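# Remarks on the overall topology
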Amino acid sequence: MATSASQLEFARIAHPAPRKPDDRAIILNNPGFGTAFSDHMVEIDFDANAVGGAGGWHNPRVVPYGPIALDPAAAVLHYAQEIFEGLKAYRLNDGGIALFRPEANAARFNASARRLAMPEIHPDLFVEAVRQQVLADADWFPTVEGGSLYLRPFMFASEAFLGVRPARTYKFLVIASPAGNYFKSGAPAVSLWVSEYTRAAPGGTGAAKCGGNYASSLVPTAEAFARGHDQVLFLDAAEHRWVEELGGMNLFFVKSDGSLVTPPLGGTILPGITRDSLMTLAREEGLIVREEPYALDQWRTEAASGELVETFACGTAAVVTPVGKVADANGEFLIGSGGPGQLTQRLRQRLVAIQRGQAPDTHGWVHRIG
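Our subject in this report is the structure included herewith. Every chain is numbered independently, its residues counted from 1 as its sequence is written. The predicted nature of this model means local features are confined to residues of pLDDT at least 70 and side-chain atom pairs, given and counted, to a pLDDT of 80 or more, with totals for whole chains, interfaces and linings taken over all residues. Note that the side-chain values use all heavy atoms of the structure and ignore hydrogens as well as water.

## Digging into the side chain of T311
Here a helix means four or more residues in a row that DSSP labels H or I, a strand means two or more in a row labelled E, and each is numbered from the N terminus. Mapped onto the fold, T311 is located in strand β15 (residues 308-315). Given a relative accessible area of 2%, T311 falls into the buried group. In protein, a polar contact means a hydrogen-donor-capable atom and an acceptor-capable atom, both N or O and within 3.5 Å, with residues adjacent in sequence counting only if both atoms are side-chain atoms; elsewhere, any N or O pair within 3.5 Å suffices. Of the polar contacts made by the side chain of T311, one reaches the side chain of W299; its length is 3.2 Å. Not counting chain neighbours up to four residues away, the residues in contact with T311 comprise L251, F252, F253, W299, P322, V323 and I335. Burial classification: accessible surface area is computed with a 1.4 Å probe over protein chains only, and a residue below 20% of its type maximum counts as buried, one above 50% as exposed, and the rest as partly exposed. By definition in these notes, contact holds between two residues if any of their heavy atoms fall within 4.5 Å.

Okay, structure coming up:
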């Protein structure tokens, strides 16, 4: 395993001209999502030829947020060796700061790294890098209700060469962005457009959180927006029949008997940490949760008959979001009354309460850092 946090000491370079408090306050009062960034970032370098320190990770530092110097021949620009994660820091009721399941993000990051032939980073070093980022910019938490500090750890191949092989040098960074609501429509439930495009195929990179997966989703997402919908829904590549996931979220289907169904992972679906958490919370309530294929035609039929009563999407950015309507080239159908369902709201409330320290954390998910 790569170098641990205990083997490296972070250098700190303060921003010479941080955002003025009044300007920052305006941003924090209405942050949106992913459009404003805090004053600092974390950087760590990797060199496969580095001497000393298992894994070649070295030079960890907290530095002013700013442009990255990159050679035009850097491998990431030509062969797309790039991965990332998304997690949030929360203000707790007592004023403290916590992360939610950062070790799970570290594990998924390393799974993505293995699939993209990139070096793994020790989970302790990953979590420490995120902690350093949050503490450096603790003044950047939004003041709006439900606000959080969204954290984006990412890694890319920085070696300059033109040849199809894994790079030998990489950069790992963490940046932070104050976050409000992910969806801007303000609707009580989101609307989905079923795409003719495919997100992932068996044996591909669907289970890795890499930029290429998202790049290929931009055209179908734009089509969904142009048709007045909030998100795009992808079906399986082989039969174009089975529901997989949205452009950036997993899906759950709630049956009239109270049971839940979510599509199985299997390599084409991103293993969501929010997805896993919700399955745990639902099973704690005694609910049956099945990971099994769910067809679009089945969804349409069961929504019409009342056998399906709720659908919700979930992910770090949007947390838990009700789905009210689904549309494709053959028409559209409503889920329940088209608004949020009772179980959707209850699971969301339980999860958010744990994340913000308002309910007991019986699973050790909340990682307090300040």
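## Overview of the packing of aromatic side chains
To describe a pair of aromatic rings, you give the distance between the ring centres and the angle between the ring planes. What counts as a ring pair is set by centres within 6.5 Å for rings of Phe, Tyr and Trp (its six-membered ring), and what kind of pair is set by the plane angle: stacked under 30 degrees, edge-to-face over 60, tilted for all other angles. Tallying each qualifying case throughout the model produces 16 aromatic pairs. When the ring centre of F141 is taken as origin, the NZ or CZ atom of R91, which lies over that ring, is 4.8 Å away. Placement of a positive charge over a ring is assigned whenever Lys NZ or Arg CZ falls within 6 Å of the ring centre and within 35 degrees of the normal to the ring plane. Positioned over the ring face of F161 is R165, at 3.9 Å from the centre of the ring.

## Brief notes about the nonpolar core
What is meant by a nonpolar core is a set of buried Ala, Val, Leu, Ile, Met, Phe, Trp, Tyr and Cys residues, joined one to another through side-chain atoms within 4.5 Å. Grouped together as the largest cluster of nonpolar side chains are 44 residues, with contacts concentrated most on I44, W57, V134, L151, M155 and F172. Membership of the second largest hydrophobic core comes to 22 residues, among which are V194, Y294, L296 and V323.

## Considerations on empty space enclosed by the protein
If a probe the size of a water molecule is rolled over the atoms, the empty space left behind becomes visible. Only protein atoms enter the 1 Å grid, on which a cavity is a set of points fitting a 1.4 Å probe that cannot get out and a pocket is an open set with protein on both sides within 12 Å along at least 5 of 7 lines, lining residues being those with an atom within 4 Å of a point. Grid points are joined across faces, edges and corners, and a volume is the space filled by probe spheres set on the points. Considering all chains together, one arrives at two cavities of 30 Å³ or more under this definition. Of the volumes computed, that of the largest cavity is approximately 100 Å³. If you go around the largest cavity, you meet 13 residues; those closest to its centre are Y90, F100, T274, T316 and Q355. Looking at the lining of the largest cavity, the elements that each hand over two or more residues are β5 (87-91), α7 (273-284) and α9 (342-355). Sort the elements by how many residues they give to the lining of the largest cavity and β5 lands first, with three residues. Three classes are used, and their members are as follows: Ala, Val, Leu, Ile, Met, Phe, Trp, Tyr, Cys and Pro are nonpolar, Asp, Glu, Lys and Arg are charged, and the others, Gly among them, are polar. Its residues placed into classes, the lining of the largest cavity shows six nonpolar, six polar and one charged. Taken as a whole, the second largest cavity encloses approximately 40 Å³ of empty space. V309, E310, T311, P322, V323, I335, G339, P340, G341 and T344 are the residues that line the second largest cavity. If you list the elements that add at least two residues to the lining of the second largest cavity, you get β15 and β16 (319-328). Residues of the lining of the second largest cavity, tallied by class, amount to five nonpolar, four polar and one charged.

## Details of the environment of E284
Within the secondary structure layout, E284 lies in helix α7. For E284, a relative accessible area of 41% translates into the label partly exposed.

## Digging into the pattern of salt bridges
One speaks of a salt bridge when a side-chain nitrogen belonging to Lys or Arg is within 4 Å of a carboxyl oxygen belonging to Asp or Glu. Under the criterion given, the structure shown has 20 salt bridges. R199 serves as the salt-bridge partner of E245, at 3.2 Å between the closest nitrogen and oxygen. Of this pair, E245 sits in strand β11 (residues 243-246) while R199 sits in the loop between β9 (190-194) and α5 (211-215), placing them 46 residues apart in sequence. Owing to a relative accessible area of 9%, R199 belongs among the buried residues under this scheme.

## Digging into unusual backbone geometry
For A80, which is not glycine, the phi dihedral falls at a positive 60 degrees. Tracing the backbone shows A80 in the loop between α2 (75-79) and β4 (82-84). For A80, a relative accessible area of 44% corresponds to the partly exposed category. One non-glycine residue with positive phi stands out, namely A117, at about 60 degrees. Tracing the backbone through its elements, the reader meets A117 in the loop between α3 (102-115) and α4 (123-136).

## Digging into the environment of V309
You can see V309 is positioned in strand β15. Setting aside anything within four residues of it in sequence, one finds V309 in contact with V254, K255, S256, I335 and G336.

## Here we look at the pairing of β16
Across the ten residues of β16, nine count as buried, placing the element largely inside the fold. The criterion for strand pairing is that DSSP finds at least two bridges linking the strands in question. With four bridges connecting them, β9 and β16 associate as parallel partners. When the sheet's bridge partners are listed, V190 is paired in β16 with V323. Looking at chain direction, β15 and β16 are connected through four bridges and run antiparallel.

## Description of α3
For an α-helix the count is 3.6 residues per turn, leaving residues at separations of three or four pointing the same way. Expected span of a helix: the number of residues minus one, times 1.5 Å. Relative to the 20 Å expected for 14 residues at 1.5 Å per residue, α3 spans 20 Å between its end C-alpha atoms, a close match to the ideal helical length. For α3, the complete set of buried residues consists of P102, N105, A106, R108, F109, N110, S112 and A113. After α3 finishes, the residue A117 shows a positive phi value of roughly 60 degrees.

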